[in-house]
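# A structural walkthrough
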Amino acid sequence: MALRCALEMLKDDAEGNECREIIVDRLHALNYHIRSYFWLDFRQLNDIYRYKTEEYSHTAVNKFNVNPESIPHWLLDFLPNHGGYFVGNVSPARMDFRWFCLGNCIAILSSLATHEQAMAILDLIEVRWEELIGEMPLKICYPAIEGHEWRIETGCDPKNTNWSYHNGGSWPGRSDGFCLPFLVNTHH
């Protein structure tokens, strides 16, 4: 979003045009990277299940050496047939498969998500309404990490127990009833 805003604020002169070219190149690279490597839907999940590990070259299909055994069991139930989302993080040998609401909503608002990806994110929210929203405002991430994984990820930080604010909790509600307009479910 910052790069897109910068494009709008640049002067129409030689220096501005030079910066504009750099920004457009960077936006193209960032869009490709995020849309290609952080996107997860059933097609991508099937690809991950078929990944070979220990591939190390520019021709490797499994660019981050993600081990298919690292796919959490809850994901198959969570991911709808026609939905998808941007995963929380991709690092060597591991993806953070949790759903992060803010990042996915910003991806829609900033046009980082393609139209098809934006619709898939909204489809996921609609299909998983009870898990992600239920009676409360949006959950920040889903699912909360617990047990051994929680101890490893947070260092046993008591501020991040499961379903607390930063570990799957809900965003505090506002007294004015404000809600992001594209997240209003007309079926409830």
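Residues numbered from 1 in each chain as written. Predicted model: local features only at pLDDT ≥ 70, side-chain atom pairs only at ≥ 80, totals over all residues. Heavy atoms only, no water.

Per an unreviewed UniProt entry, the protein carries the name Alkaline/neutral invertase and comes from Trapa incisa. UniProt, in its Catalytic activity (unreviewed entry) section for the protein, records the words "Hydrolysis of terminal non-reducing beta-D-fructofuranoside residues in beta-D-fructofuranosides." (UniProt positions renumbered as here; feature names shortened; annotations may be inferred.)

## Topic: the overall build of the protein
A tally of regular secondary structure across the protein gives eight helices and four strands. In the protein, the order of α-helices and β-strands from amino to carboxyl end is α-α-β-α-α-β-β-α-α-α-β-α. Looking at the protein residue by residue over its 188 residues, the buried ones come to 37%. Across the protein, the fraction of contacts at a sequence separation of at least 24, relative to all contacts at a separation of at least 6, is 60%. Of the roughly 11,800 Å² that the protein leaves accessible, carbon and sulfur atoms contribute 57%. (Helix = DSSP H or I, 4+ residues; strand = E, 2+ residues; numbered from the N terminus. Buried < 20%, exposed > 50% of the residue type's maximum accessible area, 1.4 Å probe, protein only. Contact = heavy atoms within 4.5 Å. Areas by Shrake-Rupley, 256 points an atom, 1.4 Å probe, with all protein chains shown as cover.)

## A look at the pairing of strand 2 (residues 84-91)
Sheet topology places strand 1 (residues 39-41) next to strand 2; three bridges connect them, and they run antiparallel. Directly across from L40, in strand 2, lies its bridge partner Y85. As judged from the four bridges shared by strand 2 and strand 3 (residues 94-100), these two strands associate in the antiparallel manner. The residue bridging N89 from the neighbouring strand is D96, located in strand 3. (Pairing = 2+ DSSP bridges.)

## Some thoughts on the sheet that holds strand 2
With antiparallel pairing, the four strands of this open sheet are ordered in space as 1-2-3-4. A single partner strand is all that each edge strand has here, and the edge strands are strand 1 and strand 4 (141-142). Where helix 2 (residues 14-37) meets the sheet, it contacts strand 1, strand 2 and strand 3, and its direction lies at approximately 30 degrees from that of strand 1. Strands in contact with helix 5 (residues 101-109) are strand 2 and strand 3; relative to strand 3, the strand with the most contacts, it is inclined by about 80 degrees. (Axes fitted to C-alpha atoms, helices over the stretch in contact; angles between N-to-C directions.)

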